[in-house]
Amino acid sequence: QVQLVESGGGLVQAGGSLRLSCAASGLTFSNWYMAWFRQAPGKERDFVAAITWSASTYYSHSVKGRFTISRDNAKNTVYLQMNSLKPDDTAVYYCAAARFLGVYYEVRDYPFWGQGTQVTVSL
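(A) Geometry of the pattern of salt bridges. Applying the stated rule across the entire model yields three salt bridges. A salt bridge links Asp89 to Arg38; its shortest N-O distance comes to 2.9 Å. In this pair, Asp89 is assigned in the loop between strand 8 (77-82) and strand 9 (91-98) and Arg38 in strand 4 (residues 33-39), connecting sequence segments 51 residues apart. Arg66 is the partner of Asp89 in a salt bridge, and the nearest nitrogen-oxygen pair spans 2.8 Å. Linking Asp89 in the loop between strand 8 and strand 9 with Arg66 in the loop between strand 6 (57-59) and strand 7 (67-72), this pair joins segments that are 23 residues apart in sequence. Exposure class is identical for Asp89 and Arg66. Each is buried. The network of salt bridges with shared partners includes Arg38, Arg66 and Asp89.

As structure tokens, then:
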């Protein structure tokens with residue numbers, strides 16, 4: 001059974017940094033596509049970043065240049081380094097996994113999800 005467990009969220013001031021981690025189990029991690037999405041209160045779940053099994057990366061326009069997604073296949077873990085955080089980045093951040101991927105930014109293309117971790121950015 002695939003399980004994804006996020007950690008690393010918290011409260012940070014604007015301009016600060018956080019690193020999220022997502023530990024995966026129940027899958028051959030190196031063969032899977034991994035992604036981060038986020039959901040603010042009252043809003044839809046939005047794509048943040050994705051990384052392929054070959055370590056190609058994709059980012060939403062709103063985070064490109066500030067966030068970096070990476071993976072450590074030896075640790076079955078995907079990371080999201082978030083720099084220059086803004087109050088608009090406040091959301092619950094979710095890790096997602098897919099063995100076969102259609103469109104990397106579509107929620108519906110990821111069958112497995114973590115429970116989420118809260119990120120709050122204050123002024």
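(B) Broad picture of the layout of surface pockets. The volume enclosed by the largest pocket comes to roughly 220 Å³. Looking at the largest pocket, it is lined by 14 residues, and the ones nearest its centre are Arg38, Ala40, Lys43, Asp88 and Thr90. Partitioned by chemical class, the residues of the lining of the largest pocket number three nonpolar, three polar and eight charged.

(C) Representation of the packing of aromatic side chains within the structure. In total, this model carries eight aromatic pairs according to the counting rule given. Relative to Phe47, the ring of Phe37 has its centre 5.7 Å away and its plane inclined at 75°; by these criteria the two rings are edge-to-face. Remark: Phe47 occurs in strand 5 (residues 46-51) and Phe37 occurs in strand 4; sequence separation between them is 10 residues. Of the two residues, Phe37 and Phe47, neither departs from the other in class, the shared state being buried. Three or more aromatic residues joined by ring pairs form one cluster here, namely Phe37, Phe47, Tyr58, Tyr104, Tyr105, Tyr110 and Trp113. Seen from the ring of Phe100, Arg99 lies directly overhead, with NZ or CZ sitting 4.8 Å from the centre.

(D) Summary view of the sheet that holds strand 7. Taken together, the four strands give an open sheet; going across it, the order is 1-3-8-7, and neighbouring strands pair in antiparallel fashion. Looking at the sheet topology across the chains shown, the edges are occupied by strand 1 (3-7) and strand 7. Neighbouring strand axes in the sheet, compared pairwise and without regard to direction, differ in orientation by 15° on average. Of the pairings in the sheet, the one linking strand 1 to strand 3 (residues 18-25) comprises five bridges and is antiparallel in character. The residue of strand 3 that forms the bridge with Gln3 is Ser25.

(E) Inspection of the environment of Gln1 at higher detail. Among the structural elements, Gln1 can be located in the segment before strand 1. Accessibility expressed as a relative area gives 80% for Gln1, which makes it exposed. Separated by 44 residues in sequence, Gln1 and Arg45 place their C-alpha atoms 24 Å apart. Other than its neighbours up to four places away in sequence, Gln1 contacts Ser25 and Gly26.

(F) Expanded view of the environment of Thr117. In this fold, Thr117 is placed in strand 11 (residues 117-122). A relative accessible area of 10% places Thr117 in the buried class. With 98 residues separating them in the primary sequence, Thr117 and Arg19 have C-alpha atoms 11 Å apart. In this structure, Thr117 is in contact with Glu6, Ser7, Gly8, Gly9, Leu20, Ala91, Val92 and Tyr93, ignoring residues within four places of it in sequence. A polar contact of 3.2 Å, which involves the side chain of Thr117, links it to the backbone nitrogen of Gly9.

So, how was this worked out
Residues numbered from 1 in each chain as written. Predicted model: local features only at pLDDT ≥ 70, side-chain atom pairs only at ≥ 80, totals over all residues. Heavy atoms only, no water. Salt bridge = Lys/Arg side-chain N within 4 Å of Asp/Glu carboxyl O. Helix = DSSP H or I, 4+ residues; strand = E, 2+ residues; numbered from the N terminus. Buried < 20%, exposed > 50% of the residue type's maximum accessible area, 1.4 Å probe, protein only. 1 Å grid on protein atoms, 1.4 Å probe; cavity = no way out; pocket = protein on both sides within 12 Å on 5 of 7 lines; lining within 4 Å. Points joined across faces, edges and corners; volume = space filled by probe spheres on them. Nonpolar A, V, L, I, M, F, W, Y, C, P; charged D, E, K, R; others polar. Phe/Tyr/Trp six-rings, centres within 6.5 Å; stacked < 30°, edge-to-face > 60°. Lys NZ or Arg CZ within 6 Å of the ring centre and 35° of its normal. Pairing = 2+ DSSP bridges. Axes fitted to C-alpha atoms, helices over the stretch in contact; angles between N-to-C directions. Contact = heavy atoms within 4.5 Å. Polar contact = N/O pair within 3.5 Å; in protein donor to acceptor, adjacent residues only side chain to side chain.

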